[in-house]
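# Structural description and commentary
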Amino acid sequence: MATAMTMAASIALASLPGMSTAAPGKDVTIHGGWMTPIEYRTLPDGQRGAYVTGVVEGWFHAPAFGAPERNTDRVVQCLGGLKPGQLMQTVDLYLTANPAERDKTMNFLVYSALSDFCANRKH
């Protein structure tokens, strides 16, 4: 399980803009999550915020599974000052703006939403 978590954490961080950790051409497997966008949308605000925050906290904890700290520093810089409601709102807006992606699981959609957010955020 730690190996899958290491890979997932490293890939999540490597995929954020400016956060590449994977060697060029290296094949990786990212396992799909269990929650669909439909299920996510049925959750009350507090639970949606907790879900998204849990994903982000997993990225913050990625160095424990082998992700380079220099990459997690960028995640913390981009997302660390946001509150759970702000993270949730970013994901909710992304889901609304990208209905064609409703066939993906929420772990991929949270990554996509927050990756877009960080790529467009002015520091």
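Look a little higher up for the structure.
Residues numbered from 1 in each chain as written. Predicted model: local features only at pLDDT ≥ 70, side-chain atom pairs only at ≥ 80, totals over all residues. Heavy atoms only, no water.

According to the stated counting rule, one finds one disulfide in the structure shown. Here Cys78 engages in a disulfide with Cys118; their sulfurs sit 2.0 Å apart. Measuring handedness by torsion sign, the sulfur bridge of Cys78 and Cys118 sits at about -110° and is left-handed. Of the two residues, Cys78 sits in helix α4 (residues 69-79) while Cys118 sits in helix α6 (residues 106-120), which places them 40 residues apart along the sequence. When sorted by exposure, Cys78 lands in the same class as Cys118, which is buried. (Disulfide = S-S within 2.5 Å. Helix = DSSP H or I, 4+ residues; strand = E, 2+ residues; numbered from the N terminus. Buried < 20%, exposed > 50% of the residue type's maximum accessible area, 1.4 Å probe, protein only.)

Looking now at the environment of Cys118. Judged by relative accessible area, Cys118 falls into the buried class, the value being 13%. With 39 residues separating them in the primary sequence, Cys118 and Leu79 have C-alpha atoms 7.7 Å apart. Residue contacts for Cys118: discarding those within four places in its chain leaves Cys78 and Leu79. (Contact = heavy atoms within 4.5 Å.)

Remember that the coordinates give geometry; whether it matters functionally is a separate question.
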